[in-house]
Amino acid sequence: MTKIKLECHEANHICDKNQYKEASFWEKVKLTVHLIYCRACRKYTSRNTKLTKLVNNPKVDAMDRSAKEELNAAFEKELAKQQ
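Note that the structure is a prediction, hence the values are computed from the model and not measured.

With respect to the overall build of the chain
Logical step 1: Per the secondary structure count, the chain includes 4 helices and 0 strands.
Logical step 2: When the helices and strands of the chain are placed in sequence order, the string is α-α-α-α.
Logical step 3: Relative to the globule expectation of 12 Å for 83 residues, the C-alpha radius of gyration of the chain, 23 Å, shows a markedly less compact shape.
Logical step 4: Dimensions of the chain along its principal axes, counting C-alpha atoms only, are 75 × 25 × 15 Å.
Logical step 5: Going through the 83 residues of the chain one by one, you find that 19% of them count as buried.
Logical step 6: Contacts in the chain between residues at least 24 apart in sequence constitute 56% of all its contacts with a sequence separation of at least 6.
Logical step 7: Carbon together with sulfur atoms contributes 57% to the accessible area of the chain, which is approximately 7300 Å² in total.
Logical step 8: Computing the positive centroid from 17 side-chain charges and the negative centroid from 11, the chain places the two 11 Å apart.

So, in structure tokens, the structure goes:
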């Protein structure tokens, strides 16, 4: 008979596998049961989920070239003042 109770390091490993869609159905069931009673692993899983979403769907706006050049010129001007 397979054990359903996990230790935290096992739960975290399954969480990581699940993040990459590599966890089996039974592993997901065991993880879900573990998360019911383990606050630390729920927090780990939550952070892992947020990280995955950020990596897969970054909402980053980059400066256009002219804004970068203006900022660089302002930095150089300020640096020249200090010297």
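Next comes the rest of the account.
Things to note about the side chain of Glu27
Logical step 1: Here Glu27 is to be found in helix α2 (residues 25-37).
Logical step 2: At 2.8 Å, the side chain of Glu27 forms a polar contact with the side chain of Lys17.
Logical step 3: Setting aside anything within four residues of it in sequence, one finds Glu27 in contact with Ile14, Lys17 and Glu22.

Considering helix α1 (residues 8-19)
Logical step 1: Between its first and last C-alpha atoms α1 spans 16 Å; for 12 residues at 1.5 Å apiece the expected length is 16 Å, and the two agree.
Logical step 2: Every buried residue of α1 is accounted for by Ala11, Ile14, Cys15 and Gln19. End-on, the buried residues of α1 take up no more than an arc of 145 degrees, which puts them together on one face.
Logical step 3: Lining the buried residues of α1 we find α2 and α3 (39-56).
Logical step 4: Directly after α1, the chain includes Lys21, whose backbone phi takes a positive value near 60 degrees.

Structural notes on the pattern of salt bridges
Logical step 1: If you walk through the whole model with that rule in mind, you get 1 salt bridge.
Logical step 2: Note that Lys17 and Glu27 form a salt bridge whose closest N and O atoms lie 2.8 Å from each other. Note that Lys17 is positioned in helix α1 and Glu27 in helix α2, a separation of 10 residues in sequence.

Examining the nonpolar core
Side chains of nonpolar character tend, in soluble globular proteins, to be buried together.
Logical step 1: Formed by Leu6, Ala11, Ile14, Cys15, Ala23, Leu31, Leu35, Cys38 and Cys41, the largest nonpolar core amounts to 9 residues.
Logical step 2: Elements with a minimum of two residues in this core: α1 and α2.
Logical step 3: A per-element tally of this core places α1 first, with 3 residues.
Logical step 4: With residues up to four places along the chain from it excluded, the contact list for Cys41 reads Cys8, Ala11, Asn12, His34 and Leu35.

What counts as what
- Residues numbered from 1 in each chain as written.
- Predicted model: local features only at pLDDT ≥ 70, side-chain atom pairs only at ≥ 80, totals over all residues.
- Heavy atoms only, no water.
- Helix = DSSP H or I, 4+ residues; strand = E, 2+ residues; numbered from the N terminus.
- Rg over C-alpha atoms; globule rule 2.2 N^0.38 Å.
- Buried < 20%, exposed > 50% of the residue type's maximum accessible area, 1.4 Å probe, protein only.
- Contact = heavy atoms within 4.5 Å.
- Areas by Shrake-Rupley, 256 points an atom, 1.4 Å probe, with all protein chains shown as cover.
- Lys, Arg positive; Asp, Glu negative; His and termini not counted.
- Charge placed at Lys NZ, Arg CZ, Asp CG, Glu CD.
- Polar contact = N/O pair within 3.5 Å; in protein donor to acceptor, adjacent residues only side chain to side chain.
- Expected span 1.5 Å × (residues − 1).
- Arc of directions from axis to C-beta.
- Salt bridge = Lys/Arg side-chain N within 4 Å of Asp/Glu carboxyl O.
- Core = buried A, V, L, I, M, F, W, Y, C linked by side-chain atoms within 4.5 Å.

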